[in-house]
Amino acid sequence: MKQEILKTEGDVNLSEQRVQWQESNILNHETQRLLKEDSRLFLHQAMSTPCLDVLQTCNGASIENIEGKEYLDFHGNNVHQIGFANPFVIDQIKKQLDELSFCTRRFTNKTAITFADKLTSLLPVELNRVLFAPGGTSVISIALKLARVVTGKHKVVSYWDSFHGASLDAISAGGEAVFRQHMGPMMPGTIRIPPPMQTGGFFENEMKYADYLEYVIEKEGEIGAFIAETVRNTDVQIPSKEYWQRIREICTKHHVLLILDEIPIALGRTGKMFAFENFDIEPDILCLGKGLGGGIIPFAAMVCREQFNIAQDISLGHFTHEKSPVGCAAAQAVIDFIENERILKKVKDDEDWLKNELTALKEKYPIIFDIRGMGLLWGVELRNPITKELAASEAEKIMYHCLQYGLSFKVSQGNVLQLSPALTIKRKELEKAIEILKRAFSSLTNN
């Protein structure tokens, strides 16, 4: 019996359009051989198999395949805030490797202490306790465990269609069906609510989404935490400042911890070092990762309030690479680079330019139902201009047309082009990307 393919995050790798694209564009025999070997050796899974192409190098805002074809990468798995193969980060990693490559558990090291101090110095004064881990999913796990310890309650609220990692506890807290299907019983105590949507949402009034959270907290009882992305990365949903301030008020009133997952969107992506700074709120627990390791070292961090330092007798994140000196050196270099190169200012300048270009594109092509974004995170939502139905097939055609001409991005929710380039991208590279997008929409209209 053929299983239904769930179209949620990412493109569907088994679609007819994918097959046609590869037949027309992947002609090199060595590339074909390696893709077959990859398919033979790796366990197949949704959204990863089969692979699209074979990469050889990455640098700055681009990736390059083994034939020398270059793609501007507006996907990057959200690790490329300061660009791929950043020379400053690589240099700091090399220096650390020569000095101390690993820190055995029960010991500490100067690099880890220095970075913990730097990270907490950038955050509100009460957010001054950290734990490090090898990846974002792991710090989500730490946060969920810590919330139980602090509140004495095991229930957690999250959004439908949210993503907080791929481990069993993370998918239990997350809301994406493609990760939860066939997994059987999840971690008990998760309650999901509709996410605040700018288009096609459950409520027309954004503040009703906040009211829904309070309703659930009051009716369900025993809820210890609410976990959410400050800005939803995948299809770029940006709640208002009023919404987030109301959420903060609700969590405080009901003694529910606010856990903000900024693993894909912190470190300048929204024009601020941390996305919550755009909304004048403070989380109780903050989760960071992906780009924190410079796109080189898997590294993540959980930061929480001083008053939560009450788990002395519990192993919250007893990881082998708990205080990785190499990971901390990479993360320190990322922060230093963002500050020294004034990346936040550059991102705000790029935001204004990109918003104007995408707005002009929307005005020209009726299939573009909405554009939304901040910093260098943008979503272009496609719908049938007459019926308003999701234009999923058209979104996929746009994506493969762009790939053909050297622009890579992902399609979210089936109909949203998610554009997330390296923050170091040059203006001429942004201009090239927009020109490729224009040609793709023109081609769609002419067919």
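Structure: above.
Quick caveat: nothing in here was measured; it's all calculated off a predicted structure. (Residues numbered from 1 in each chain as written. Predicted model: local features only at pLDDT ≥ 70, side-chain atom pairs only at ≥ 80, totals over all residues. Heavy atoms only, no water.)

Trainee: Account for helix H11 (residues 343–364), naming residues and giving values.
Mentor: For H11, spanning 22 residues, the distance from its first C-alpha to its last is 31 Å, which sits close to the expected 32 Å at 1.5 Å a residue. By the burial criterion, the buried members of H11 are Ile343, Val347, Asp350, Glu351, Trp353, Leu354, Leu358 and Leu361. Against helix H10 (325–340), strand S11 (368–374), strand S12 (377–382), strand S15 (416–419) and helix H13 (427–446) lie the buried residues of H11. (Helix = DSSP H or I, 4+ residues; strand = E, 2+ residues; numbered from the N terminus. Expected span 1.5 Å × (residues − 1). Buried < 20%, exposed > 50% of the residue type's maximum accessible area, 1.4 Å probe, protein only. Contact = heavy atoms within 4.5 Å.)

Trainee: Please give an account of the layout of surface pockets that cites residues and values.
Mentor: Looking at the second largest pocket, its volume works out to about 790 Å³. Around the second largest pocket, the lining is made up of 29 residues, and of these Val130, Leu131, Asn309, Glu322 and Lys323 lie nearest the centre. When contributions to the lining of the second largest pocket are tallied by element, the ones reaching two or more residues are helix H4 (110–121), strand S4 (127–133) and strand S10 (300–305). Residues that form the lining of the second largest pocket fall into these classes: 14 nonpolar, eight polar and seven charged. (1 Å grid on protein atoms, 1.4 Å probe; cavity = no way out; pocket = protein on both sides within 12 Å on 5 of 7 lines; lining within 4 Å. Points joined across faces, edges and corners; volume = space filled by probe spheres on them. Nonpolar A, V, L, I, M, F, W, Y, C, P; charged D, E, K, R; others polar.)

Trainee: Lay out the nonpolar core in plain terms, naming residues and giving numbers.
Mentor: Grouped together as the largest cluster of nonpolar side chains are 106 residues, with contacts concentrated most on Phe226, Trp244, Phe409, Leu437 and Phe441. Considering each element in turn, this core owes the most residues, nine residues, to H10. Listed in part, the 24 residues of the second largest apolar core include Ala143, Ala173, Cys287 and Leu316. (Core = buried A, V, L, I, M, F, W, Y, C linked by side-chain atoms within 4.5 Å.)

Trainee: Outline unusual backbone geometry, listing residues and values.
Mentor: Looking along the chain, the bond that leaves Thr49 and enters Pro50 is cis, with omega of -5°. With respect to the secondary-structure elements, Pro50 resides in the loop between helix H2 (29–41) and strand S1 (55–59). One non-glycine residue, Asn78, adopts positive backbone phi at about 60°. Its location among the elements puts Asn78 in the loop between strand S3 (70–73) and helix H3 (87–99).

Trainee: Which residues make up the pairing of S3, and what values go with them?
Mentor: Residues in a regular strand point their side chains to alternate faces of the sheet. Direction of pairing for strand S2 (residues 62–65) relative to S3: antiparallel, over a ladder of three bridges. Bridge pairing links Ile63 to Tyr71 in S3. Counting the residues that bridge the hairpin from S2 to S3 gives four residues, and of these Gly68 lies at a positive phi of roughly 95°. Relative to strand S13 (residues 407–408), S3 is paired through two bridges, and the arrangement is parallel. Looking across to S13, one finds that Asp73 is bridged to Ser408. (Pairing = 2+ DSSP bridges.)

Trainee: Please set out the environment of Trp353 residue by residue, giving values where relevant.
Mentor: Within the fold, Trp353 resides in helix H11. Taking C-alpha positions, Trp353 is 22 Å from Tyr405, a pair spaced 52 residues apart along the chain. Once residues within four sequence positions are removed from consideration, Trp353 is found in contact with Arg427, Leu430, Glu431 and Ile434.

Trainee: A description of the sheet that holds strand S5 (residues 155–159) should follow, citing residues and the corresponding values.
Mentor: One open sheet accounts for seven strands, arranged S4-S10-S9-S8-S7-S5-S6; its pairing is mixed. Only two strands of the sheet have a single neighbouring strand rather than two, namely S4 and strand S6 (190–193). When the angles between neighbouring strand axes are averaged without regard to direction, this sheet yields 20°. With four bridges connecting them, strand S9 (residues 285–288) and S10 associate as antiparallel partners. (Axes fitted to C-alpha atoms, helices over the stretch in contact; angles between N-to-C directions.)

Trainee: Describe empty space enclosed by the protein, with residues and values.
Mentor: This model, assessed by the stated rule, comprises four cavities of 30 Å³ or more. In this structure, the largest cavity occupies an estimated 60 Å³ of space. Surrounding the largest cavity, Tyr159, Pro195, Pro196, Glu229, Arg232, Gln237 and Pro239 form its lining.

Such coordinate-based values are descriptive only and should not be taken to indicate function.
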